[in-house]
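Coordinates in review
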Amino acid sequence: VALDRDLELTELLDRLDFDEAWFGEHHSAGWELIASPELMIAAAAQRTRRAGFDWLELHCAHGYLLSAFLCPLTNRRTDDYGGSLENRCRRPLEVFRAMRAAWPADRPMSVRSSAHDWAPGGNTPDDAVAIARAFKEAGADLIDVSSGQTTREAKPVYGRMYQTPFADRIRNEA
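This section reports on the structure supplied with the text.

Let us look at the nonpolar core. Leu 58, Cys 60, Phe 96 and Phe 135 are the most contacted members of the largest nonpolar core, which totals 24 residues. Listing elements by their share of this core, those giving two or more residues are helix H4 (37–50), strand S1 (56–60), helix H5 (65–70), helix H6 (85–102), strand S2 (109–114) and helix H7 (125–137). Tallying contributions element by element places H6 first for this core, with 8 residues. Counting 9 residues, the second largest nonpolar core, distinct from the first, contains Ala 115, Ala 128, Val 129 and Ala 154.

Let us now look at empty space enclosed by the protein. Scanning the entire structure with this criterion turns up 1 cavity of 30 Å³ or more. Taken as a whole, the largest cavity holds about 50 Å³ of empty space. Lining the largest cavity are Cys 60, Ser 67, Leu 70, Cys 71, Ser 113, Ser 114, Asp 117, Asn 123, Ile 131 and Thr 150. Those elements that place two or more of their residues in the lining of the largest cavity are H5 and S2. When its residues are assigned to classes, the lining of the largest cavity shows 4 nonpolar, 5 polar and 1 charged.

All chains considered together, the criterion is met by 0 disulfides. This cysteine, Cys 89, is not joined by any disulfide, and Cys 60 carries the nearest cysteine sulfur, 9.1 Å off.

Moving on, we come to the packing of H6 against H7. Between H6 and H7, the least distance of the axes is 10 Å, while the angle of their chain directions is 35°. For the pair H6 and H7, the sense of crossing is right-handed. Side by side, H6 and H7 meet where Leu 85, Cys 89, Pro 92, Leu 93 and Phe 96 of the first sit next to Asp 127, Ala 130, Ile 131, Ala 134 and Phe 135 of the second. Considered class by class, the residues forming the contact of H6 with H7 number 9 nonpolar, no polar and 1 charged.

The next subject is the pattern of salt bridges. Evaluation of the coordinates by the stated rule reveals 7 salt bridges. Between Arg 112 and Asp 144 there is a salt bridge, with the nearest N and O atoms lying 3.0 Å from each other. Taken together, the residues span a long stretch of sequence, with Arg 112 in strand S2 and Asp 144 in strand S3 (residues 142–146) at a distance of 32 residues. A salt bridge links Arg 169 to Asp 126, with the nearest nitrogen and oxygen atoms 2.4 Å apart. Taken together, the positions of Arg 169 in helix H8 (residues 164–173) and Asp 126 in helix H7 put the pair 43 residues apart, joining distant regions of the chain. Through salt bridges that share partners, Asp 126, Arg 169 and Glu 173 make up one connected network.

Definitions and limits used
Residues numbered from 1 in each chain as written. Predicted model: local features only at pLDDT ≥ 70, side-chain atom pairs only at ≥ 80, totals over all residues. Heavy atoms only, no water. Core = buried A, V, L, I, M, F, W, Y, C linked by side-chain atoms within 4.5 Å. Buried < 20%, exposed > 50% of the residue type's maximum accessible area, 1.4 Å probe, protein only. Helix = DSSP H or I, 4+ residues; strand = E, 2+ residues; numbered from the N terminus. 1 Å grid on protein atoms, 1.4 Å probe; cavity = no way out; pocket = protein on both sides within 12 Å on 5 of 7 lines; lining within 4 Å. Points joined across faces, edges and corners; volume = space filled by probe spheres on them. Nonpolar A, V, L, I, M, F, W, Y, C, P; charged D, E, K, R; others polar. Disulfide = S-S within 2.5 Å. Axes fitted to C-alpha atoms, helices over the stretch in contact; angles between N-to-C directions. Left-handed = near helix turned anticlockwise from the far one by under 90°. Contact = heavy atoms within 4.5 Å. Salt bridge = Lys/Arg side-chain N within 4 Å of Asp/Glu carboxyl O.

Dropping the structure here:
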């Protein structure tokens, strides 16, 4: 399949044959898959739907790949995917939109997000509200709020229900 950037995601997915036989064999990743991992993620969302799941979550917390884009402590990029909060949100939102396009509109989709990096220079609760708003605008039905685990320098303040204020603020402000 040749990658045509002018095609809509759904058209590209229709052109790709992501069936069980394809995944059961060894194939080298072609340019189409390397250049657009959204296709792989969207295909996984389609398989999840076909498997009968009712809910899908994109994990953007705890220092995993998409969290590394969101966190200013780990994202040191100087291109369109680094720097400002808007730029740091760009890649996770691209991935989310691809998943949302492949996931049925009548089924919920959530995003797990870190509400606080607990380290100087990291994301703050204010940033978390802005991130949650961006995902809500992109079609997220729920924000699964967590915090920390993005850097070893983190100094979380633990206690009973210590993450509840973050979730409450995001629910009320995003």
